[in-house]
Amino acid sequence: MLVGEMRDLETIALALTAAETGLLVFGTLHTNNARKTVDRMVDAFPADRQPQARTMLANSLRGVVAQLLLKRSDRPGRIAVNEILIANAAVAAIIREGATHKLQDIIVSGRAQGMQFMDDAIWALLEKGIVSPHEAFMKAIDKSRFKPFLSDGEEALADAAGGIRNDEKRPPGNLSRPVGARAQVRAR
């Protein structure tokens, strides 16, 4: 069964129910990576139904392919880059727990099983000169990985887009405020 854009609760619930009955269901969502896909499906449900939705998804999901289009630097046009998540026992457990932030680690470590992390796919295109450092940075999940390849003039852009300035460090989990800024706030 092919479900076009899964935008609303009714469509997502119908797709999950069909998958639970044994039907092979393909669906599309406008998300940038596997984690956001899982989160969007679960978040469509009211809070009191989300544990049930996570269980249904964990039991039925077989895979996620997320795709981005990047501007080519080697010739006119765009090129597709994909993140691939293949469901296994660890993926199902993570979805059931609601700990989707751990999916990235599963994808990276699941390379031998055919999984591919979006940033690794972008990195491969950057190394081959198919995309520019600017385009790679703008589409990346971990922007700090691509920031060293930007020109000096793009440093301000990198900081505005979520990159960490070279003189700043953030503790794990602190995505909003650099350590230096926190110290300055306390000193006032």
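Residues numbered from 1 in each chain as written. Predicted model: local features only at pLDDT ≥ 70, side-chain atom pairs only at ≥ 80, totals over all residues. Heavy atoms only, no water.

Draft legend 1. Molecular detail of the overall build of the chain. Each helix and strand counted, the chain has ten helices and four strands in total. What you see in the chain, going N to C, is helices and strands ordered as β-α-β-α-α-β-β-α-α-α-α-α-α-α. Split into buried and exposed, the 188 residues of the chain put 36% on the buried side. If you take every contact in the chain between residues at least 6 apart in sequence, the share linking residues at least 24 apart comes to 47%. (Helix = DSSP H or I, 4+ residues; strand = E, 2+ residues; numbered from the N terminus. Buried < 20%, exposed > 50% of the residue type's maximum accessible area, 1.4 Å probe, protein only. Contact = heavy atoms within 4.5 Å.)

Draft legend 2. Geometry of a nonpolar patch on the surface. Taken together, Leu2, Leu24 and Phe26 make up a surface patch of nonpolar side chains, about 380 Å² in accessible area. Using a relative accessible area of 57% as the deciding quantity, one classes Leu24 as exposed. (Patch = residues over 30% accessible without salt bridge, like charges linked within 9 Å, V, L, I, M, F, W, Y side chains within 5 Å. Areas by Shrake-Rupley, 256 points an atom, 1.4 Å probe, with all protein chains shown as cover. Salt bridge = Lys/Arg side-chain N within 4 Å of Asp/Glu carboxyl O.)

Draft legend 3. How the structure looks around the environment of Lys102. Topologically, Lys102 is positioned in the loop between α4 (89-97) and α5 (103-109). With eleven residues separating them along the chain, Lys102 and Val91 place their C-alpha atoms 8.8 Å apart. Leaving out residues up to four positions away in the same chain, Lys102 has contacts with Ile94 and Glu97.

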